[in-house]
Amino acid sequence: VYDSYKVQVAAYVYLYNEINPVHKIWSAVIVAIAKDKVAYNTYFMNSREIDDCFTEVFLPALKIYNFQHQKKEK
């Protein structure tokens with residue numbers, strides 16, 4: 001399971017929890033299915049890892065993305 005999958009799942013969890021504050025998600029499981037053979041891999045994320053991926057990776061990456069695109073528009 002790639003680190004980018006973890007960051008993406010963290011962003012989805014935060015979005016879901018923002019939209020559905022009554023039924024929050026506290027953990028997640030990533031299931032990566034192989035393309036060329038019958039195989040899969042699973043990875044469990046607890047709430048701390050989800051928070052870390054969101055605040056330490058996703059939000060800074062989003063800031064960089066927005067800065068780069070803001071500069072191009074000017």
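Residues numbered from 1 in each chain as written. Predicted model: local features only at pLDDT ≥ 70, side-chain atom pairs only at ≥ 80, totals over all residues. Heavy atoms only, no water.

Chemist: Would you mind going over the side chain of Lys6 with me for this structure?
Modeler: Relative to the elements of secondary structure, Lys6 occurs in helix 1 (residues 3-19). Taking relative accessible area as the criterion, Lys6 reaches 12% and is therefore assigned buried. Apart from residues lying up to four places away in sequence, Lys6 is in contact with Ile30, Tyr43, Met45, Glu49 and Cys53. (Helix = DSSP H or I, 4+ residues; strand = E, 2+ residues; numbered from the N terminus. Buried < 20%, exposed > 50% of the residue type's maximum accessible area, 1.4 Å probe, protein only. Contact = heavy atoms within 4.5 Å.)

Chemist: How should I be thinking about the packing of aromatic side chains in this particular structure?
Modeler: Working definition: an aromatic ring pair is given by the centre-to-centre distance plus the angle between the planes. As enumerated under the stated definition, the model contains three aromatic pairs in all. With 5.3 Å between their ring centres and 90° between their planes, Tyr2 and Tyr5 make a pair best called edge-to-face. Here Tyr2 falls in the exposed class, since its relative accessible area comes to 58%. Residue class for Tyr5 comes out partly exposed when judged on its relative accessible area of 32%. (Phe/Tyr/Trp six-rings, centres within 6.5 Å; stacked < 30°, edge-to-face > 60°.)

Chemist: Where do I start with the pairing of strand 2 (residues 40-45) in this structure?
Modeler: Working note: regular strand, side chains alternate between the two faces of the sheet. Direction of pairing for strand 1 (residues 28-33) relative to strand 2: antiparallel, over a ladder of six bridges. Bridge pairing links Ala32 to Asn41 in strand 2. Counted between consecutive antiparallel strands, the loop separating strand 1 from strand 2 contains six residues. (Pairing = 2+ DSSP bridges.)

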